Amino acid sequence: GLLGYQHTIDFASTFPMVLQKYVELKGIKKHNVMCKRIGMKPDTFSAILRGKYNDVKKDNVLRICVGLELSVLEAEELLNSAGFMLSNAVMTDVVIKASLWNRIYNAVVINAELYENHAPMLFNVDNI
């Protein structure tokens, strides 16, 4: 049955595998540059990429979606692989989805949009 099928999927490796796919697809050779743009510590990103991060937070996945300049569909695949989804009921998700849709990948611009919509800012601009 369905329960037996679930055990054949290695859920722990799914998210890092999808993330690795997009890192390669987008030609990201140096993680430091991307991490600086999204205000994420390179060692945090490396740990997430290697699957050493047990509790990946949705905010981090959203930051990575912006950093990798993903499309909405690509972002949804990455989020889903980590057990998340873009919700039309969450302002942060609405702003990120609109940003990706419009190919706006500038953290400062996205933070301003989040602020204007009374959503918490996603990017630590001090690090950018």
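That block above? That's the structure.
Everything quoted here is computed from the prediction, not taken from an experiment.

Engineer: Kindly report on the environment of Asn32, identifying the contributing residues and their values.
Structural biologist: Turning to its location among the elements, Asn32 is positioned in helix H3 (residues 31-38). Note on Asn32: relative accessible area 52%, which makes it exposed. Through-space distance from the C-alpha of Asn32 to that of Pro42 is 5.6 Å; in sequence the pair is ten residues apart.

Engineer: I'd like to hear about unusual backbone geometry, residue by residue, with values.
Structural biologist: Not every positive phi belongs to a glycine, and Arg103 is a case in point at roughly 55°. Here Arg103 shows up in the loop between helix H7 (91-101) and helix H8 (107-116). Classification of Arg103 as exposed rests on a relative accessible area of 59%. The backbone of His118 sits at a positive phi, close to 55°, despite the residue not being glycine. Considering the arrangement of structural elements, one finds His118 in the segment after H8. A residue is classified by how much of its surface remains accessible, and His118, at 76% relative accessible area, is exposed.

Engineer: Explain the pattern of salt bridges to me, using residue names and the numbers behind them.
Structural biologist: What the rule picks out here adds up to six salt bridges. The partner of Glu77 in a salt bridge is Lys21, with the nearest N and O atoms 3.0 Å apart. Pair noted here: Glu77 is in helix H6 (residues 72-81) and Lys21 is in helix H2 (residues 11-25), with a separation of 56 residues, a long-range link. The class for Lys21 is partly exposed, based on a relative accessible area of 37%. Where Glu69 meets Arg37, a salt bridge forms, and the shortest distance between an N and an O atom there is 3.8 Å. Within this pair, whereas Glu69 is found in the loop between helix H5 (58-67) and H6, its partner Arg37 is found in helix H3, the two being separated by 32 residues in sequence.

Engineer: Please give an account of the environment of Pro120 that cites residues and values.
Structural biologist: Summarising the element assignment, Pro120 is placed in the segment after H8. Since its relative accessible area comes to 59%, Pro120 is described here as exposed. Sequence separation between Pro120 and Met91 is 29 residues; the distance between their C-alpha atoms is 9.0 Å. With near-sequence residues (within four places) excluded, Pro120 lies in contact with Thr92 and Leu114.

Thresholds applied
- Residues numbered from 1 in each chain as written.
- Predicted model: local features only at pLDDT ≥ 70, side-chain atom pairs only at ≥ 80, totals over all residues.
- Heavy atoms only, no water.
- Helix = DSSP H or I, 4+ residues; strand = E, 2+ residues; numbered from the N terminus.
- Buried < 20%, exposed > 50% of the residue type's maximum accessible area, 1.4 Å probe, protein only.
- Salt bridge = Lys/Arg side-chain N within 4 Å of Asp/Glu carboxyl O.
- Contact = heavy atoms within 4.5 Å.

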